[in-house]
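# Structural overview for review
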Amino acid sequence: MTIAYDNAPPVREHYLVFGSPMIEQAEIDEVVDSLRSGWIGTGPKVARFEDMFRTYTRSDHAVALHSCTAALHLTMLAAGIGPGDEVIVPSMTFCATANAVIHAGARPVFVDVDRETMNMTPASIEQAVTERTKAVIPVHMAGRPCEMERIVPLARAHGLVVIEDAAHAIEAGCQGRKIGSISDATCFSFYVTKNLVTGEGGMVTTRHRDWAEKVQMLALHGLSRGAWRRYSDEGFRHYQVLAPGYKANMMDLQAAMGLHQLPRLERYLQRRRQIWERYNAAFADLPVHLPAPVRAGDVHARHLYTLLLDLDALRCSRDQFMQALHQENIGTGIHFIGLHLHPYYRDTYGLDASDFPHATWISERTLSLPLSARLADRDVDDVIEAVHKVFRYYRR
Ligand SMILES: *Cc1c(COP(=O)(O)O)cnc(C)c1O
């Protein structure tokens, strides 16, 4: 038996790109409309997108930004977090979660995650709290909500602020409550691979009006509110600089895409659920850990479909397995190599892999398969066939 690795023909002729976004005609037309209108920067479409997003997440305030990283950073500043403070983050996440803490001048304190859910747990948070802890950032890994109904009261008991990283979890819900409406603030990403795309883009929703105002001010040079209107038909308006701010505002060009993506979230989620169920059925007999079942009462946003390879049953590493799928013209992803294993965090904070046994275990085995509303049934068939083919080849 051979695979494409050995120069046998691949399962597919054309490469299936991992995480390719679904873009429809309405977005294209709306972007063109912005271009023709001459208003491409922050303007009325951003304001409309914020309104729609606030309604969708049932949150009190929403501020659109140019990334989730900026949302995390500026929200931390709005919450008054800075030098001398500690912020608890999971080790199993994208680097932006921890980097935003560092940008705010605070120290990220990494905790291990649960092996099944890949999320931080109330117990792991409890163990990491010190008198310097100011905040905790739950990350809803792959779209699976953390146990917010336990984390929020735990944080309150210790006087901690809760800022969620919901980059994977726009559609998610936790015990009947919509993600975005539960804690102090929630940050979302509209990066090209995420469930809603605006190219680059992000949003923070919050229950605190003063945080929303501060984030908006900091995102536009620290100018006084409404500064983006200063060239509108209301005539020139003076602004004042209230802080040495940043440049992280969303453009109308980006919001133009979001306006049309948002109403389709549930349809796309439904399609990803179908693909998910097909994968689960197709891989049930393979030596892998399938994604854990969704807890009753929760909504999983199905951002990533992740297999955990049973390395004892294979004659290859995860990276070799991934390379073999690549040769079959199937693109895959790794979410993630735990942050404690990356040189910067490991060396700066003196982290040891053995202190994060679950995140380390996941880092060695995890492999994300294509999961996008854009996939045709044929594409899904190809992924399934390629995974089976590579398993047959490498199985002990
Ligand atoms: C993508 C991602 C981010 C960063 O989002 P950007 O919009 O690219 O800044 C943050 N956290 C997690 C968990 C992510 O996957």
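### Comments concerning the packing of helix α3 (residues 68-78) against helix α7 (residues 209-219)
Remark: α3 packs on α7, axes separated minimally by 9 Å, with the N-to-C direction vectors making an angle of 120°. Relative to α7, the element α3 is oriented oblique. Considering how the two elements wind past one another, α3 and α7 form a crossing that is right-handed. Taken together, the residues of α7 that come into contact with α3 (itself represented by Leu74, Thr75, Leu77 and Ala78) are Trp211, Lys214, Val215, Leu218 and Ala219. Each residue belonging to the contact of α3 with α7 can be placed in one class, and the counts come to seven nonpolar, one polar and one charged.

### Comments concerning the site of the ligand
Around the ligand lies a shell of 16 residues, among which Thr69, Asp165, His168, Ser189 and Lys194 are the nearest. Between the ligand and His168, the relevant distance is 2.7 Å, taken from an oxygen atom to a side-chain nitrogen or oxygen of the residue. A distance of 3.3 Å separates an oxygen atom of the ligand from a polar atom in the side chain of Lys194. Protein contact buries 92% of the 380 Å² of open area that the ligand shows by itself. Mapped by element, the contributors of at least two residues to the shell around the ligand are α3 and α4 (95-103).

### Some thoughts on the packing of helix α9 (residues 265-282) against helix α13 (residues 377-394)
Where α9 meets α13, the axes come as close as 11 Å, and the angle between the chain directions of the two elements is 25°. On the basis of their axis angle, the class for α9 and α13 is roughly parallel. Classified by chirality, the crossing of α13 by α9 is right-handed. From α9, Arg271, Ile275, Arg278, Tyr279 and Ala282 reach across to α13, where they touch Asp377, Val380, Asp381, Val383, Ile384 and His388.

### Some words on the domain arrangement of the protein chain
Considered domain by domain, the protein chain is made up of domain 1 (4-20 + 265-394) and domain 2 (25-263). One C-alpha centre belongs to domain 1, the other to domain 2; they are set 27 Å apart. Taken together, the contacts link 38 residues of domain 1 with 44 residues of domain 2. Between domain 1 and domain 2 the total buried area reaches about 3500 Å² when both faces are included, carbon and sulfur atoms providing 58% of it. By the criterion of area lost to domain 2, the three top residues of domain 1 are Leu265, His303 and Phe336, representing 22% of everything that side buries. Our count for the contact surface shared by domain 1 and domain 2 stands at two salt bridges. Ionic pairing is found between Glu149 and Arg295, a salt bridge with its closest N-O pair at 2.8 Å.

### Observations regarding the nonpolar core
Counting 49 residues, the largest nonpolar core has Leu65, Leu74, Met76, Val87, Phe110 and Val204 as the members making the most contacts within it. Residue-level mapping places this core at the junction of two domains, with at least three residues from each of domain 1 (4-20 + 265-394) and domain 2 (25-263). Those residues in contact with Leu74 that lie beyond four places of it in its chain are Leu65, Val215, Leu218, Ala219, Tyr246 and Ala248. In this structure, Phe49, Tyr56, Met203 and Leu259 belong to the second largest nonpolar core, which totals 38 residues.

### A closer look at the environment of Ala123
With respect to the helices, strands and loops of the structure, Ala123 is situated in helix α5 (residues 122-128). Along the sequence, Ala123 and Trp39 sit 84 residues apart, while their C-alpha atoms lie 49 Å from each other.

### Points about the sheet that holds strand β8 (residues 185-189)
Note: strands within a sheet are paired through backbone hydrogen bonds, in either parallel or antiparallel orientation. In spatial order, the strands read β1-β9-β8-β5-β4-β2-β3; together these seven strands make up an open sheet with mixed pairing. The open sheet is flanked by β1 (61-65) and β3 (107-111), the only strands paired with a single partner. Neighbour to neighbour, the strand axes of the sheet diverge by 25° on average, direction disregarded. The pairing of β1 with strand β9 (residues 202-206) spans five bridges and is antiparallel. Counterpart to Leu65 in the pairing with β9 is Gly202. This element, α3, spans β1, β5 (161-165), β8 and β9 of the sheet and lies at about 160° to β8. Contacts from α4 reach β2 (86-90), β3 and β5 within the one sheet, and its direction differs from that of β3 by about 150°.

### Details of a nonpolar patch on the surface
Taken together, the side chains of Ile23, Ile28 and Val32 make up a nonpolar region of the molecular surface, amounting to roughly 210 Å² of accessible area. Note that Ile28 resides in helix α1 (residues 25-37).

### Some details on the packing of aromatic side chains
Here a ring pair, both rings aromatic, is described through the centre-centre distance and the interplanar angle of the planes. Inspection of the entire model under this criterion finds 14 aromatic pairs. Where Phe49 meets Phe53, the ring centres are 6.2 Å apart and the plane angle is 65°; that geometry is what we call edge-to-face. Pair noted here: Phe49 and Phe53 are both in helix α2 (residues 44-57), with a separation of four residues, about one helical turn. For Phe53, a relative accessible area of 0% translates into the label buried. Their ring planes at 85° and their centres at 5.4 Å tell us that Tyr344 and Tyr345 sit as a pair that is edge-to-face.

### Side note on the pairing of β5
Most of β5 is tucked away, with five of its five residues classed as buried. When strand β4 (residues 133-136) meets β5, the two strands line up parallel, connected through two bridges. Note that in β5 the partner of Val136 across the bridge is Val162. Handedness of the β-α-β unit built from β4, helix α6 (residues 148-157) and β5 comes out right-handed.

### Thoughts on α7
Residues of α7 that are buried: Trp211, Ala212, Val215, Met217, Leu218 and Ala219. Summarising the contacts, the buried residues of α7 are in contact with β1, α3, β5, β8 and β9.

Cut-off values and rules
Residues numbered from 1 in each chain as written. Predicted model: local features only at pLDDT ≥ 70, side-chain atom pairs only at ≥ 80, totals over all residues. Heavy atoms only, no water. Axes fitted to C-alpha atoms, helices over the stretch in contact; angles between N-to-C directions. Helix = DSSP H or I, 4+ residues; strand = E, 2+ residues; numbered from the N terminus. Parallel < 35°, antiparallel > 145°, perpendicular 65-115°, else oblique. Left-handed = near helix turned anticlockwise from the far one by under 90°. Contact = heavy atoms within 4.5 Å. Nonpolar A, V, L, I, M, F, W, Y, C, P; charged D, E, K, R; others polar. Near = heavy atom within 4 Å. Polar contact = N/O pair within 3.5 Å; in protein donor to acceptor, adjacent residues only side chain to side chain. Areas by Shrake-Rupley, 256 points an atom, 1.4 Å probe, with all protein chains shown as cover. Domains from an automatic or database assignment. Buried area = accessible area lost by both parts, 1.4 Å probe. Salt bridge = Lys/Arg side-chain N within 4 Å of Asp/Glu carboxyl O. Core = buried A, V, L, I, M, F, W, Y, C linked by side-chain atoms within 4.5 Å. Buried < 20%, exposed > 50% of the residue type's maximum accessible area, 1.4 Å probe, protein only. Pairing = 2+ DSSP bridges. Patch = residues over 30% accessible without salt bridge, like charges linked within 9 Å, V, L, I, M, F, W, Y side chains within 5 Å. Phe/Tyr/Trp six-rings, centres within 6.5 Å; stacked < 30°, edge-to-face > 60°. Right-handed = clockwise from strand over helix to strand, strands pointing away.

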